[in-house]
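These are the residues of each chain, in order.
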Amino acid sequence: MSDLEFFLLLLASISVPLVILNLIKRKQSGLNLPPGNTGWPFLGETIGYLKPYSATSIGDFMEQHISRFGEIYKSNLFGEPTIVSADSGLNRFILQNEGKLFECSYPRSIGGILGKWSMLVLVGDMHRDMRTISLNFLSHGRLRTHLLREVVKHTLLVLSSWKENCTFSAQDEAKKFTFNLMAKHIMSLDPGKPETEQLKKEYVTFMKGVVSAPLNFPGTAYRKALQSRSTILKFIELKMEERIHKMRGGGLENMEDDDLLGWVLKHSNLSTEQILDLVLSLLFAGHETSSVAIALAIYFLEGCPNAVQQLREEHLEISRAKKQSGELELSWEDYKKMEFTQCVISETLRLGNVVRFLHRKALKDVRYKVLPVIAAVHLDPSLFDQPQHFNPWRWQNDGNRGNSSSWSTATNQNFMPFGGGPRLCAGSELAKLEMAVFIHHLVLNYNWELVDKDEAFAFPFVDFPKGLPIKVRHHNFT
Ligand code: HEM
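What counts and how
- Think of each chain on its own: its residues are numbered from 1, step by step along the sequence as written.
- pLDDT decides what is reported in this predicted model: residues at 70 or higher carry local features, side-chain atom pairs at 80 or more are listed and counted, and totals for whole chains, interfaces and linings draw on all residues regardless.
- Residues are classed as near a molecule or strand if the C-beta position derived from their backbone is within 6 Å of it.
- Secondary structure elements are defined from DSSP: runs of H or I of at least 4 residues count as helices, runs of E of at least 2 residues count as strands, and each element is numbered from the N terminus.
- Residue burial here comes from a neighbour count, namely the number of other C-beta atoms, placed from the backbone, that lie within 10 Å of the residue's own C-beta, with 20 or more meaning buried, 12 or fewer meaning exposed, and in between meaning partly exposed.
- An arc is given here, and it is the one of the directions from the helix axis to the C-beta atoms.
- For the purpose of contact definition, each residue receives a C-beta atom placed from its backbone, and two residues are in contact when these atoms lie within 7 Å.
- Nonpolar cores are identified as sets of buried Ala, Val, Leu, Ile, Met, Phe, Trp, Tyr and Cys residues joined via C-beta atoms within 7 Å.
- Bend is computed residue by residue as the angle between axes fitted to the seven residues ending at the residue and the seven residues starting at it.

A. The arrangement of the site of the ligand in detail. In the vicinity of the ligand there are 22 residues, among which Gly-286, Thr-289, Gly-419, Cys-425 and Gly-427 approach most closely. Those elements giving two or more residues to the shell around the ligand turn out to be α6 (124-137), α12 (272-302) and α17 (428-445). Top contributing element to the shell around the ligand by residue count: α12, with six residues.

B. Structural context of helix α4 (residues 88-96). Within α4, the full set of buried residues consists of Ser-88, Asn-91, Ile-94 and Leu-95. In a view along the axis of α4, the buried residues occupy a sector of 125 degrees, so they form one face of it. If you follow the buried residues of α4, they end up packed against β3 (80-85), β4 (102-104), β6 (360-362), β7 (369-372) and α16 (374-378).

C. Spotlight on the nonpolar core. Of all hydrophobic cores here, the largest spans 89 residues; its most connected members are Val-279, Ala-295 and Ala-297. It is α12 that provides the largest number of residues to this core, a total of 19 residues. If we ignore the near neighbours within four places in the chain, the residues touching Ala-297 are Val-344, Thr-348, Met-435 and Ile-439. With 24 residues, the next largest nonpolar core counts Ile-58, Tyr-73, Ala-375 and Met-416 among its residues.

D. View of helix α7 (residues 140-159). The largest bend in α7 amounts to roughly 45 degrees and is located at Leu-147. Considered for burial, the residues of α7 that qualify are Leu-147, Leu-148, Val-151, His-154, Thr-155 and Val-158. In this structure, the buried residues of α7 make contact with α8 (170-187), α14 (332-336) and α17.

E. Geometry of unusual backbone geometry. In this structure, Pro-460 follows Phe-459 across a cis peptide bond, with omega equal to 20 degrees. Among the structural elements, Pro-460 can be located in the loop between β9 (457-458) and β10 (462-463). Despite not being glycine, Asn-165 shows a phi value in the positive range, around 60 degrees. Relative to the assigned elements, Asn-165 resides in the loop between α7 and β5 (168-169). We classify Asn-165 as exposed; it has 7 C-beta atoms within 10 Å. Phi is positive for Gln-386, close to 40 degrees, though the residue is something other than glycine. Here Gln-386 shows up in the loop between α16 and α17. Owing to 10 C-beta atoms within 10 Å, Gln-386 belongs among the exposed residues under this scheme.

Here it is in structure tokens:
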């Protein structure tokens, strides 16, 4: 019996008494709520909502609900009464009013696996403190210098390992790139070293649990992920102890603080437990999301040769100018010239929707869970012409259908791939830099084709079921 089947059986067995309770509760409540279905007690409509569907769509389930009830409807998801919003204005309002009218509220299982000090779970002052540390670490200054260099190095490391005419998983390669980058940036781990590879392996098991049903029984993905979590935490703790030892030996000045671990030890008052959860969750936030985004770009571009052609022209011009001036390394000024690339990035994030919905709860009037579905706004035909179509050129004007002539990326208020308000993604600039640098080296050095038909699915986390198998041919376009 699969995890899911077991989960369903368990829920069914406790659902009958809950039906009665629910009926009583419904009679009592005179709340002014939008229309909708609350489905089965406790289970609600969660199974239908989570049924996998093409990542470039909102799925049949949501489509049917929107056409029946409108863009804001009542449901019962993840064990709680929920208001689902596919409305751009309401989503923005919810995110902007974080801490005042609404508050971040992920399912308890997420806290169990990412840790109670993870930024996704924290609210209030503690969240603010952790966020400040993350933003310091991902600051503009660090991006321009240190991080840009690292992003280039790790891109080239992965691309140079690609062999012609061999089939490989583009998704795995993208994961290798983002994992190596984050492991270096967070704990100074070097790619290819046994300890880095071991940690990567544990992370794969860990990830399977983050996205599985939260069943803590022997043999389930969730239980295995909890075990991996403790192995990963032991590893991070060991690294911490090594650093503290060094610190005692050589004084603070001699300690590496070029990575996150060194920085928090030197500049923060966080406890060991808090540091462990911060490191673990940044490694998670920083590598899963951008790797999917890069795989999506490879996938969409393969189906859009005109965009590849225009990208190649843009990057060739940058590369030629560098050659003429005798410069070798890609600079921040080069990055700023990648205008069409930014359109491709925005379009990839709009259509692929790496993060599809966010979890919040209402703090005032009613204690209700709210689910701003950012993917539904990105795929709304009244906001984006032909939303299912990969069209990076739409970002050349005002982001959808306007007539301004200036290039515009991500200024459209309906475009929220990184969330919004006080919890806006701390790594959004790093993610865009990673995508741009990867695209730069990819289009200048390779032609690629899909070997087997594969498609991004929302599970609801976005994944290519076959790993996006591709074949490449090396070309030096410079
Ligand atoms: C394309 C890639 C990425 C996407 C689509 C993405 C998306 C998001 C979204 C939607 C949120 C908001 C969650 C919420 O409001 O509940 C978020 C939060 C966050 N992201 Fe990203 N992310 C990406 C890459 C990264 C990277 C590279 C990092 C770097 C470590 C990162 C670190 C974080 C952190 C720390 C938060 C929590 C912010 C807070 O709670 O204040 N993300 N991300």
